[in-house]
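Results of the structural survey
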Amino acid sequence: RTDMYRITVKKEKDGVVSGYLHDVLSVGDVVELGVPCGDFVLQPGDSCVFLGAGVGITPLLSMIKVSAQAGNQNTLIYRASNASSHPFKQEIEKIMSNSGCDVHWMYSNENASAQYNTENLRSMIVDKNSKVYICGPGGFISDSVKLMESIGIPSNNVF
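Attention here is on the structure that accompanies the text.

**Considering the side chain of N72**
- With respect to the helices and strands, N72 occurs in the loop between α2 (57-69) and β2 (73-80).
- Since its relative accessible area comes to 14%, N72 is described here as buried.
- Of the polar contacts made by the side chain of N72, one reaches the side chain of S67; its length is 2.9 Å.

Here you go:
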C-alpha cells in the first residue's frame with residue numbers, strides 16, 4: 001500500500017519513545033512525523049549484500065524491496081540468536097525467492113557452518129564489488145566492517 005507507512009519499534013526497557021509507542025498508541029492513531037533523513041540509502045550498483053542483526057533488519061527490509069524491484073543481485077545475511085527471534089522472516093523469504101536472491105540465516109545457537117566469520121562470509125559473498133549495507137547493534141557493525149575488509153570488499157563499498 002502506498003497510502004500508509006509501516007514502522008517497527010522494539011520496546012526497550014527504559015525507552016521513552018518505544019514505551020510510548022507500545023503502551024499508549026493504538027493501531028489507527030494519528031502521529032505527526034518528519035521527513036526521512038540520513039545517508040543510509042541504496043547506492044547505484046547491481047549487486048547488493050545486506051548484513052543485518054537484531055532489529056537492524058527493519059531498514060534493510062525496505063532497501064531489499066527496492067533493490068529486488070530494480071533487478072539487482074541481492075544477498076541477505078542475517079544474524080539472530082535463534083529462528084524465532086527475528087521479525088519479517090517470511091516476508092523477506094518471499095521477496096528474496098521471487099527475485100532469485102540468496103538468503104543466509106545465521107543463528108548463534110547453531111553449528112560452525114552458521115558462524116559469522118571470514119570463511120563463511122567469503123563463500124556467501126560471491127561478488128567482492130558488491131555494495132554492502134550493514135545495520136544492527138554497534139558491535140555487529142564494527143565486526144562486520146572488519147570482516148568485509150578481510151574478505152576483500154573495498155571500504156568505499158561498505159555502508
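There is more to say, and it comes next.
**Some words on the sheet that holds strand β1 (residues 47-53)**
- Read from one edge of the open sheet, four strands run β3-β2-β1-β4, paired in parallel fashion. Each edge of the open sheet is held by one strand with a lone partner, namely β3 (102-107) and β4 (131-135). Taking each pair of neighbouring strands and ignoring which way they run, the sheet shows an average axis angle of 10 degrees.
- Across seven bridges, β1 lies against β2 in parallel orientation. Paired with C48 across the strands is N74, a residue of β2.
- Taken strand by strand, α2 contacts β1, β2 and β4, and its axis lies near 160 degrees from that of β1.
- Lying over the sheet, helix α3 (residues 89-98) contacts β2 and β3, oriented at roughly 150 degrees with respect to β3.

**A closer look at the side chain of S130**
- Examined against the element boundaries, S130 turns out to sit in the loop between α4 (118-124) and β4.
- For S130, the side chain forms a polar contact with the main-chain oxygen of D127, separated by 2.8 Å.

Conventions adopted
Residues numbered from 1 in each chain as written. Predicted model: local features only at pLDDT ≥ 70, side-chain atom pairs only at ≥ 80, totals over all residues. Heavy atoms only, no water. Helix = DSSP H or I, 4+ residues; strand = E, 2+ residues; numbered from the N terminus. Buried < 20%, exposed > 50% of the residue type's maximum accessible area, 1.4 Å probe, protein only. Polar contact = N/O pair within 3.5 Å; in protein donor to acceptor, adjacent residues only side chain to side chain. Pairing = 2+ DSSP bridges. Axes fitted to C-alpha atoms, helices over the stretch in contact; angles between N-to-C directions. Contact = heavy atoms within 4.5 Å.

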